[in-house]
Amino acid sequence: MTARYKVSSPQFTTGYERKAFWELLERARDATCSLSLSLSLSLSRSLSLCLSPLSRARLSLRLSRSPPARSVGAAAPPPAAVPIMVLMPMNESALMSSISQGIDPAVQLAIQHIRESRLYSFSLIPKIYDTECDNAKGLRAFFDAICFGPKHLMIFGGVCPSVTSIIAESLEGWNLVQLSFAATTPVLADKKKYPNFFRTVPSDNAVNPAVVKFLNFYNWSRVGTLTQDVQRFSEVRNDLTNELEKADIQIADTESFSNDPCVNVKKLKDNDVRIIIGQFDENLASKVFCCAYNLNMFGSKYQWIIPGWYQGNWWEQANSTNCTTKKLLTAMEGYISVDFEPLSAKQVKGISGRTPQEYEKEYNMQRMQKGVESSKFHGFAYDGIWVIAKTLTRVMERLREKERHNMYHNFTVDDKEVGKMVLDVMNETNFFGVTGQVMFRNGERMGTIKFTQFQEGQEVKVGEYNAIEDVLDLINNTIRFQGVEPPKDRTFVRLQRRHINVPLYSILSTITILGMLMAGAFLFFNIKNRNHRLIKMSSPYMNNLIILGGMLSYASIFLFGLDGSFVSDKEFETLCTVRTWILIVGYTTAFGAMFAKTWRVHAIFKNVKMKKKIIKDQKLLIIVGGMLLIDLCILICWQIVDPLKRTVEEYSLEADPQGRDIAIRPFLEHCENTHMTIWLGIVYAYKGLLMLFGCFLAWETRNVSIPALNDSKYIGMSVYNVGIMCIIGAAVSFLTRDQPNVQFCIVALVIIFCSTITLCLVFVPKLITMRTNPDAATQNRRLKFTQNQKKEDSKTSTSVTSVNQANTSRLDGLQTDNHRLRMRITELDKELEEVTMQLQDTPEKTPYIKQNHFQDLNNILSIRNFTDGDKSMLKNHLEQKPQAQWGSVDPSRINRGPLEDINSPEHIQRRLSLQLPILHHAYLPSIGGVDASCASPSGSPGSSPRHRHMPPSYRVMVSGL
C-alpha cells in the first residue's frame, strides 16, 4: 500500500504544539489507511486522519528534525521519542530466551550512550514484544504491534530463525525494515525473499570464506564434511561446497547423519579423509568425537573443524555416549572451532567514544545489576541500536535536503521512495563498533570471524579473519598440532619402486662377468687350436657359435637387472624388447649349433648303405641360420602385432617404516603386452621342440665312441640340466612376480647355470684331453653300431670304414702316426721276407697270387679317402715293374739256394714291390682308410680265400677320421 502525502513547512511556536502533534499521530491506529494527508500549519494542531504506520513514521522523522521556533532564553524542548519494535522471546520457558535477557542491558546501554552523545534530536524507545520462539505467537505479536502499538519506525530483533523468517518475508508489504542481532540462519541471506532484512551478526555462512582461507593457509586441498541432517546445517554445507569449489579444494566425501554418526565417520576414514569439517550441534558433537575416538581418528593425523558457538563445557552437559569424559577430551584435543567474533580485540574507540573493552566493562556492570547471564550477542545488539540511530539520522538529512531544494513548493514523497532510501542508507552503514567494523553487503554483516583451538580442556583463540579485508591473521605460536607439523590433508602416498638391490645386482653381474670371461677363454682356446686334430674333428665353427650363444645369454642378465631406477620409462620399454631378443637368439645359437653337430654325427653313422656322405660346416651354419630365422620371424611378428610395453603394477598401501605420516604404495614395472601368454607359449613350444630334437639326436648317437666326434653324453647332460632349471626357474619366477629381487636372482642364476654348464660340458673335456693325451681322439678306432634293421648280424663283429669329413685333418694324423707305423713296419719286414721266400719257392701259385694281389691293390687304390698322389705313385710303381713283381721266375735262378739268392737284386725288388702297398696301407688309418682285409666297402670279411689263410697279424684295422 502506498501513502502519498504533501508536506508544507510546519512552524511550531512552542514546544507544546510539537507535543500535541505527536499525540495526534499516536491516535492514528488504522494500519490499512491509504488516504492522502495534506499537512499545513492550520492542520498541525488538529490531525485526525488515519495514516499508514510507515507514512506516519516518515512524517514524524521529517518533523522531528524541524527546528522549532522558540523565544530567546526558552529551555530546549526534550528530544522526540522514536519507538522501535523489538521482537524476541522474553518468557524464561521459551527457547533461546537467555539470549534476550542477556542483550537487554546492551540495548539500554546503547540508548543511554546515544542520548549522552547529544548528536541526535530524538530518543529511541524500544517496545519489546514476546514471540516466545513460536511462529503463531510471533506473528500475533507482530500484528498487535502494528495495529495497537505505537508508531514504530523500524523493527529490531529476531532471535528464533523460524519466527524471524516468517516476519521478515512480509516486511516489504509493510514498508518496514528489520535489523536482527542474533538470527544467524543462512536462509535469511536470500535477498529476493527477504529484501528488507538486515542483521548485525554475521550469518552462519560467513564462516565459510574464513574456513577456506584457513585451509589455504595450511595448503589443505582435500577435505570431507560431516553434517547433521538439519536445514540450518545443510544450508551452511551447501554454501561451503560452493566456496570450496571456487577455491579448487577437493571434497573427498560428504556425509550426513541424523542420530548415529559412527557409520558416517567410518566412511570418512575409509575414504582417507584427514581434514574433517563438521556441522552439528553440541548434543551430537559428543557422539561424533566418541566415534572418532573408537576409530582412532584423532591425534597428529587428523584435524577437526567444527562450529564455535557451542556452550561452555558442552562435552560434559551433552555427553550421552558410552565414552568417558577423558576419552572425549582425548579425541577433542586440537580441534579448531570457527565462529563470529562477539567483541573486537582492537583497542580502538568506536562510534560511542569507547573501546570494546570499556564497553564490555560497562555491560558487565549493567548485567550484574540486573542479575542476568551474559549473551554473546550483546555486542551485536549494542551496535544494532547505533545502526538504527545513524540510519534514521541519515534518512532525515536526505529528506531535509529534498525539502531544501523544494523550499518554495510543497513536495510529495511516497513510502516506497522513502523505503528505498532507508535500504540504501542501511547498506551504506560503515562505522567502527564494539564488534569491529560495521558494514553490510546485501544486508549481510561483514564481520570478523575468530578461530579457537581446544587445548588441554579449554578453547584458546588462535586467530581471526577480517571479512572486509579478506585477511586471515593467526596469532603466532598459538596453534599447537599433535604432531611436529600440521596434519596432512590426505595420506600422502609415496610411490616406491620395487627395484633390484644394487648389491644383489653387483654380485650377480660380477658372476656374469666371470662367466663371460670363461666363455672368452674357451673362445680363445678354440680359435688357437682350431687346426688341432681334436678341435678340428669337433667342428670349431660350431664351437664358436656355442660360445657366442652363451655370451649372449650372459649379456641378457645385465639387461634383466635394469629397471626404472636406472633408466627412463622409454628406455625401459626398449630394454623389454632387447633383452627378450638377446636371450632367445642366444639360446637358439648355442643349442642350435650343438644340435647341428650332433645331427652331422647322426647323419654319418646312421647311414645304413654306407655311401659316401660329406657334410661340411657350411651346411651346419645353414641349419643354425634356419633356426635363427624362425626365431626372428616369431620375434618380428611379436614386435609388430603386440609389442612389449612397460606396465606398472601397484600394490596395497604400506606403513612408512620410519614412522612418518605417509603411506608407501609399492609398484613394480613389468614388460607385458596384451597377449603375453600366447606369445610365450609359442616361444616355449619352439624351444621345447628344439630340445626334444636334441635329446633324440643325443640318444641316437650314444654308441659312437669317438670322443672328438660324439658329444651326445654331454649334450644329454646339458639338455637335462637346462630343461630342469628352465622349468623350475619359470615356475618360481612366476610365483615371485611381486618380488623383483627374488625373481631377478632366480632368473640370473638359471641363465648363469645353464650357460656355464653347457660351455663346460662342451669344452672342459677337450681341455683335459688336450692337456693329458692329445692322441686320445683316435685311440678307439673301432666303431660299432647296432642296426635295428639287421638283427641277424648283431653277433658278427663288423669292421666299419670311418669317414673323415675334414680332409685337412689327415695331415696332422699322418704326422702323429708316422712314428708308430715305422715301428710296425720294422716288425713286419722279417715276416715279409719269409712271405717273399715262399712266393719264390711256389711258382705254381704265381698266377693266383698275381691275380689276387692285383685285385687287392685295386681295392686299396679305390678307397675314397686315399689321396690322389698316393694312388698315382702306387700305380706308377706297379706299371713300371709288373713282371718283376708278379711275372714268371727267372730260370737261371731256380737252381740257386734260398740263402744265397735272398739278397739278390731281384729279391730286393720283389720285396719292395710288396712292401710299398703294405706301407701305404698302414697310413690309411690317419688319412681315412678301410680294413685291409676288405675287398670293397660292402664286401664280406671272409669272402676272399686269401683272407681265410692269412694269419691274424696281417689283418690291419684302419679306422678314424
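So, here is what we can say about the structure in this document.

So, how was this worked out
Residues numbered from 1 in each chain as written. Predicted model: local features only at pLDDT ≥ 70, side-chain atom pairs only at ≥ 80, totals over all residues. Heavy atoms only, no water. Helix = DSSP H or I, 4+ residues; strand = E, 2+ residues; numbered from the N terminus. Buried < 20%, exposed > 50% of the residue type's maximum accessible area, 1.4 Å probe, protein only. Contact = heavy atoms within 4.5 Å. Core = buried A, V, L, I, M, F, W, Y, C linked by side-chain atoms within 4.5 Å. Phe/Tyr/Trp six-rings, centres within 6.5 Å; stacked < 30°, edge-to-face > 60°. Lys NZ or Arg CZ within 6 Å of the ring centre and 35° of its normal. Axes fitted to C-alpha atoms, helices over the stretch in contact; angles between N-to-C directions. Parallel < 35°, antiparallel > 145°, perpendicular 65-115°, else oblique. Nonpolar A, V, L, I, M, F, W, Y, C, P; charged D, E, K, R; others polar. Disulfide = S-S within 2.5 Å. Left-handed = near helix turned anticlockwise from the far one by under 90°. Salt bridge = Lys/Arg side-chain N within 4 Å of Asp/Glu carboxyl O. Expected span 1.5 Å × (residues − 1). Arc of directions from axis to C-beta.

For the protein, the helix and strand inventory stands at 30 helices and 23 strands. The buried share of the protein, reckoned over its 961 residues, is 49%. Summarising the internal contacts of the protein: among those between residues at least 6 apart in sequence, 75% fall at separations of at least 24.

To continue, consider the nonpolar core. As a rule of thumb, nonpolar side chains are buried together in soluble globular proteins. Among the nonpolar cores identified, the biggest contains 79 residues, and Leu124, Phe156, Phe181, Phe214, Leu215, Phe377 and Phe451 are the most heavily contacted of them. Discounting residues that sit within four places of it in the chain, Phe377 has contacts with Ile99, Ile103, Phe181, Ala182, Thr184, Val201 and Phe340. Judged by nonpolar contacts, the second largest core, of 56 residues, contains Phe572, Ala593, Ile615 and Val762.

Let's shift gears to the packing of aromatic side chains. By the definition in use, this model includes 35 aromatic pairs. Geometrically, the ring pair formed by Phe142 and Phe143 is edge-to-face, given 5.6 Å between the ring centres and 65° between the ring planes. The interplanar angle of 80° and the centroid separation of 5.8 Å between the aromatic rings of Trp314 and Trp315 together place this pair among those described as edge-to-face. Looking at Trp314, the relative accessible area reads 2%, which means it is buried. Taking the relative accessible area as the measure of exposure, Trp315 reaches 7% and is therefore buried. Taken together through their ring pairs, the aromatic side chains of Phe233, Phe289, Trp304, Trp309, Tyr310, Trp314, Trp315, Tyr335 and Phe454 make up a single cluster. The side chain of Lys191 reaches across the aromatic face of Phe198, ending 5.5 Å from its centre. Of note, Arg232 hangs over the ring of Trp309, and the distance from its end group to the ring centre comes to 4.4 Å.

A word on the packing of helix α10 (residues 282-294) against helix α12 (residues 325-332). Where α10 meets α12, the closest approach of the two axes is 9 Å, and the angle between their N-to-C directions is 80°. One way to sum up the angle between α10 and α12 is to call them roughly perpendicular. Each of Ser286, Phe289, Cys290 and Tyr293 in α10 lies in contact with α12, whose residues at this interface are Lys327, Leu328, Thr330, Ala331 and Met332. Residue composition of the contact of α10 with α12, grouped by class: six nonpolar, two polar and one charged.

Regarding helix α5 (residues 161-169), the residues found buried are Val163, Thr164, Ser165, Ile167 and Ala168. Contacts from the buried residues of α5 go to β3 (80-88), α4 (135-148), α6 (171-174), β6 (178-180) and β7 (197-199).

In this structure, Glu132 is a non-glycine residue whose phi angle is positive, near 55°. Here Glu132 falls in the partly exposed class, since its relative accessible area comes to 27%. Look at Cys133: it is not a glycine, yet its phi comes out positive at around 55°. Structurally, the position occupied by Cys133 is in the loop between β4 (122-130) and α4. Judged by its relative accessible area of 18%, Cys133 is buried.

With that out of the way, let us pick up the state of the cysteines. Two cysteines whose sulfur atoms are joined by a covalent bond form what is called a disulfide. This structure, assessed with the given rule, holds four disulfides. One disulfide in the model links Cys133 with Cys160; its S-S distance is 1.4 Å. Looking along the S-S bond of the Cys133-Cys160 disulfide, the torsion reads about -55°, which is the left-handed sense. One end of the pair, Cys133, is in the loop between β4 and α4; the other, Cys160, is in the loop between β5 (155-157) and α5, and 27 residues separate them in sequence. You'll find Cys133 and Cys160 in the same group, each marked buried. Here Cys576 engages in a disulfide with Cys671; their sulfurs sit 1.7 Å apart. Between Cys576 and Cys671 the disulfide shows an S-S torsion of about -65°. By sign, it is left-handed. Here Cys671 lies in strand β23 (residues 662-672) and Cys576 lies in helix α19 (residues 569-605), a separation of 95 residues in the sequence.

Their axes nearest at 9 Å, the elements α4 and α5 cross at an angle of 40°. Classified by the angle between their axes, α4 and α5 sit oblique to one another. At the point where α4 passes α5, the crossing takes the right-handed sense. Contact residues: Asn135, Gly138, Leu139 and Phe142 in α4; Ser162, Val163, Ile166 and Ile167 in α5. Taken together, the residues of the contact of α4 with α5 sort by class into five nonpolar, three polar and no charged.

Now for the pattern of salt bridges. Applying the stated rule across the entire model yields 26 salt bridges. Residue Arg354 is joined to Glu116 by a salt bridge in which the shortest nitrogen-to-oxygen separation is 3.5 Å. In this pair, Arg354 sits in the loop between β12 (336-340) and α13 (356-370) while Glu116 sits in helix α3 (residues 97-117), placing the two residues 238 residues apart along the sequence. Its relative accessible area of 44% is what places Glu116 among the partly exposed residues. Its salt-bridge partner being Asp424, residue Lys420 comes within 3.2 Å of it at the nearest N-O pair. Of this pair, Lys420 and Asp424 both sit in helix α15 (residues 415-427), separated by four residues, roughly a single helical turn. Under the relative-accessibility criterion, Lys420 is labelled exposed at 52%. Via salt bridges that share partners, Arg497, Asp569, Arg646 and Glu669 belong to a single interconnected network.

With that settled, the discussion passes to the environment of Phe763. Within the secondary structure layout, Phe763 lies in helix α23 (residues 740-772). Residue classification places Phe763 among the buried residues on the basis of a relative accessible area of 0%. When the C-alpha atoms of Phe763 and Ile535 are compared, they prove to be 9.7 Å apart, with 228 residues separating the residues in sequence. Those residues in contact with Phe763 that sit more than four places away from it in its chain are Phe522, Asn526, Asn543 and Ile547.

Moving on: helix α8 (residues 231-246). What sets the pattern is the α-helix's 3.6 residues per turn: residues three or four places apart point alike. Over its 16 residues, α8 runs 23 Å from end to end, which matches the ideal 22 Å to within 8%, given 1.5 Å per residue. Along α8, the positions that sit buried rather than exposed are Phe233, Ser234, Val236, Arg237, Leu240 and Leu244. With its buried residues spanning 160° around the axis, α8 presents them on a single face. Facing away from the buried surface of α8 by more than 90 degrees, the exposed residues are Gln231, Glu245 and Lys246.

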